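The lines below spell out each chain.
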Amino acid sequence: MALTPQQIGDWLRAHPTEVVARTRQPYDNGRLGYPRTMTGIDLRSPAFADHGHLPRRHAGNGDNVSPPLSWSGIPREASELALLCESVDAPPGGRPLWLVTGIDPRRTGLEAGTGHPGSHVHRNGYGDNGWGGPIASPGEPHRYVFRLYALPAPVSIPHDVTADAAREVLDDQSVGHGTLVGRC
């Protein structure tokens, strides 16, 4: 049974950590909407496991220190990397907790609380530049998604942008990405 482009799109939205993306370019046979394979970036943190608890040190009501991150599998065609962290449990259109563009693709990670030499640090949801950790609250923990994007050319994103708008631009231009989820 063949899947329709709508079914493929629904599956892609339901599986954000898979290394596939939608394409708008028709194949030779003229059919649209079939997925193309993308390079998967392995994004990790020594501070927490994927879908694990984000330590209080990294929370906005803790020490508010950005978590250490490491990565591998950057595609050769990447000319820069971009990092986006957002809450997937917040209402749509929210501000990112962290957005950094212009990261050198030769880097293999960022240490906790470090700056980003040569990159552009955007405004977070608290109105500050750089990391703005989540506010831990009682009850069910919220999910915070870190996405590292490999981009084939420098990207232009306004300094004060919503997480949704940033993600849309980065998803559209990416030649590979990796995802890591923390809970707080």
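Rules used in this analysis
- Residues numbered from 1 in each chain as written.
- Predicted model: local features only at pLDDT ≥ 70, side-chain atom pairs only at ≥ 80, totals over all residues.
- Heavy atoms only, no water.
- UniProt positions renumbered as here; feature names shortened; annotations may be inferred.
- Helix = DSSP H or I, 4+ residues; strand = E, 2+ residues; numbered from the N terminus.
- Contact = heavy atoms within 4.5 Å.
- Areas by Shrake-Rupley, 256 points an atom, 1.4 Å probe, with all protein chains shown as cover.
- Core = buried A, V, L, I, M, F, W, Y, C linked by side-chain atoms within 4.5 Å.
- Buried < 20%, exposed > 50% of the residue type's maximum accessible area, 1.4 Å probe, protein only.
- Arc of directions from axis to C-beta.
- Pairing = 2+ DSSP bridges.
- 1 Å grid on protein atoms, 1.4 Å probe; cavity = no way out; pocket = protein on both sides within 12 Å on 5 of 7 lines; lining within 4 Å.
- Points joined across faces, edges and corners; volume = space filled by probe spheres on them.
- Nonpolar A, V, L, I, M, F, W, Y, C, P; charged D, E, K, R; others polar.

- The chain goes by YbhB/YbcL family Raf kinase inhibitor-like protein in an unreviewed UniProt entry, where it is assigned to Streptomyces labedae.
- Per UniProt, the chain has the following entry under Sequence similarities (unreviewed entry): "Belongs to the UPF0098 family."

**Side note on the overall build of the chain**
Moving on, step 1. A count of helical and extended segments in the chain gives two helices and twelve strands.
Moving on, step 2. The long-range share in the chain, meaning contacts at least 24 apart out of those at least 6 apart in sequence, stands at 68%.
Moving on, step 3. Accessible surface computed for the chain: about 9800 Å², of which carbon and sulfur atoms make up 51%.

**As for the nonpolar core**
Moving on, step 1. Leu-69, Trp-71, Trp-98 and Phe-146 are the most contacted members of the largest nonpolar core, which has 24 residues in total.
Moving on, step 2. Secondary structure elements with two or more residues in this core: β6 (69-72), β7 (80-87), β8 (98-103) and β11 (143-151).
Moving on, step 3. Those residues within four positions of Trp-98 in sequence are excluded, and the remaining contacts are Ser-66, Pro-67, Leu-69, Leu-83, Leu-84, Cys-85, Leu-110, His-116, Gly-130, Trp-131 and Phe-146.
Moving on, step 4. Residues Ala-82, Leu-151, Val-161 and Leu-170 belong to the second largest nonpolar core, which totals ten residues.

**Digging into unusual backbone geometry**
Moving on, step 1. Even without being a glycine, His-51 presents a positive backbone phi close to 70°.
Moving on, step 2. With respect to the helices and strands, the residue His-51 is situated in the loop between β4 (42-44) and β5 (52-53).
Moving on, step 3. Residue classification places His-51 among the partly exposed residues on the basis of a relative accessible area of 41%.
Moving on, step 4. Located in the positive-phi region is Asn-64, a residue other than glycine, with phi close to 55°.
Moving on, step 5. Summarising the element assignment, Asn-64 is placed in the loop between β5 and β6.
Moving on, step 6. For Asn-64, a relative accessible area of 33% gives the class partly exposed.

**Description of helix α2 (residues 163-173)**
Moving on, step 1. Inspection of α2 places Ala-163, Ala-166 and Leu-170 among the buried residues, and these make up the whole buried set. All buried residues of α2 fall inside an arc of 65° around its axis, so they share one side.

**Comments concerning the pairing of β8**
Moving on, step 1. The element β8 is largely enclosed, with a buried count of five among its six residues.
Moving on, step 2. Bridge analysis of β7 against β8 gives four bridges, and the strand direction is antiparallel. Among the inter-strand pairings, Leu-83 is bridged to a residue of β8, identified as Val-100.

**Considerations on the sheet that holds β6**
Moving on, step 1. Strand order in this open sheet of three strands is β4-β6-β9, and the pairing throughout is antiparallel. Two strands bound the open sheet, and with one partner strand each, they are β4 and β9 (109-110).
Moving on, step 2. Direction of pairing for β6 relative to β9: antiparallel, over a ladder of two bridges. Looking at the pairing, Ser-70 lines up with Gly-109 of β9.

**Digging into the layout of surface pockets**
Moving on, step 1. The volume enclosed by the second largest pocket comes to roughly 430 Å³.
Moving on, step 2. Considering the residues around the second largest pocket, the lining is formed by 26 residues, among which Glu-86, Ser-87, Val-88, Ala-90 and Arg-143 are closest to the centre.
Moving on, step 3. Counting only elements with at least two residues in the lining of the second largest pocket, the list comes to β7, β11, α2 and β12 (176-183).
Moving on, step 4. Element by element, the count of residues in the lining of the second largest pocket is highest for β11, at four residues.
Moving on, step 5. Tallied by class, residues from the lining of the second largest pocket come to 13 nonpolar, seven polar and six charged.

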